[in-house]
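Survey of secondary and tertiary structure
Residues per chain, in single letters:
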Amino acid sequence: RRVVVFVDQLEEIWTSAMDDSERFLETLLALVDDSAGAVTVVGAMRADFYDKALCSPVLASHMPTATMALPAMSAAELSTVIVEPAETVGVEFEPGLAARLLADVAGRAGGLPMLQFTLHELFERRSGGVIGIDAYESLGGVAGSLATRAEEAFGLLDAHQQAIARRLFLSVVRIGDESTAVGRRRRRRDLSRDTDVVIDRFVDLR
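Residues numbered from 1 in each chain as written. Predicted model: local features only at pLDDT ≥ 70, side-chain atom pairs only at ≥ 80, totals over all residues. Heavy atoms only, no water.

1. Notes on the overall build of the protein
A tally of helices and strands in the protein yields ten helices and six strands. Dimensions of the protein, computed from C-alpha atoms along their principal axes, come out at roughly 55 × 45 × 40 Å. Within the protein, residue pairs in contact and separated by at least 24 positions form 62% of the contacts whose partners lie at least 6 positions apart. Put simply, the protein shows about 13500 Å² of open surface, and 55% of that area lies on carbon and sulfur atoms. (Helix = DSSP H or I, 4+ residues; strand = E, 2+ residues; numbered from the N terminus. Contact = heavy atoms within 4.5 Å. Areas by Shrake-Rupley, 256 points an atom, 1.4 Å probe, with all protein chains shown as cover.)

2. Notes on the nonpolar core
In terms of nonpolar packing, the biggest core is built from 17 residues, with Phe93, Leu97, Leu101, Leu115 and Leu122 touching the most fellow members. Contributions of two or more residues to this core are made by helix 4 (75–88), helix 5 (97–105), helix 6 (111–124) and helix 7 (133–139). For this core, the leading source of residues is helix 7, giving four residues. With residues up to four places along the chain from it excluded, the contact list for Leu97 reads Ile131, Gly132, Ile133 and Tyr136. (Core = buried A, V, L, I, M, F, W, Y, C linked by side-chain atoms within 4.5 Å. Buried < 20%, exposed > 50% of the residue type's maximum accessible area, 1.4 Å probe, protein only.)

3. Observations regarding unusual backbone geometry
Its identity as a non-glycine residue notwithstanding, Gln9 has a phi of 50°, on the positive side. Its place among the elements puts Gln9 in the loop between strand 1 (3–7) and helix 1 (12–15). Exposure remark for Gln9: the relative accessible area of 43% places this residue in the partly exposed category. For Ala36, which is not glycine, the phi torsion reads 55° and is therefore positive.

These values are about where atoms sit, not about what they do.
In structure tokens form, the structure reads like this:
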């Protein structure tokens, strides 16, 4: 049997200031070397961290031959992503909405996860078997859907919890080189118990 180990967001070994990042990479490669071909390791990484991988003593020699660049999805691929999952469960978009979604997400940095979130919200707000334009506009479109949902969640917190939410979210974002925002991992056990309600509220709402 062949085993595939998939590591998403590999760039977090650098953004989280991981002390043993090289040892982690060495362990992954050892899985491949020691398995005689039975284990394959696939790491997914943002393109703007490619230089970090080139500077890694462990990864540098593998970069020329073991990497595959994935360009942004084409308009046809995005259209498939939008329409086909709904069709498989008997749901359709109001005429013109799928094209509008496609136009709003095409070329947008970070557009794919925003599209995913928006589609989830639209599906939850469908009327019968139809996802309507009114629901899309009430969300604020692709650009506004996440902010709309976040503001709704934030508004359900009391004043003390809102202050905790501000501190919490600032603590899990780090501004890197060239003002690039990246996630910063925090262990829940290292946070005060006051954060539990806030964390659970936002996790429940994705």
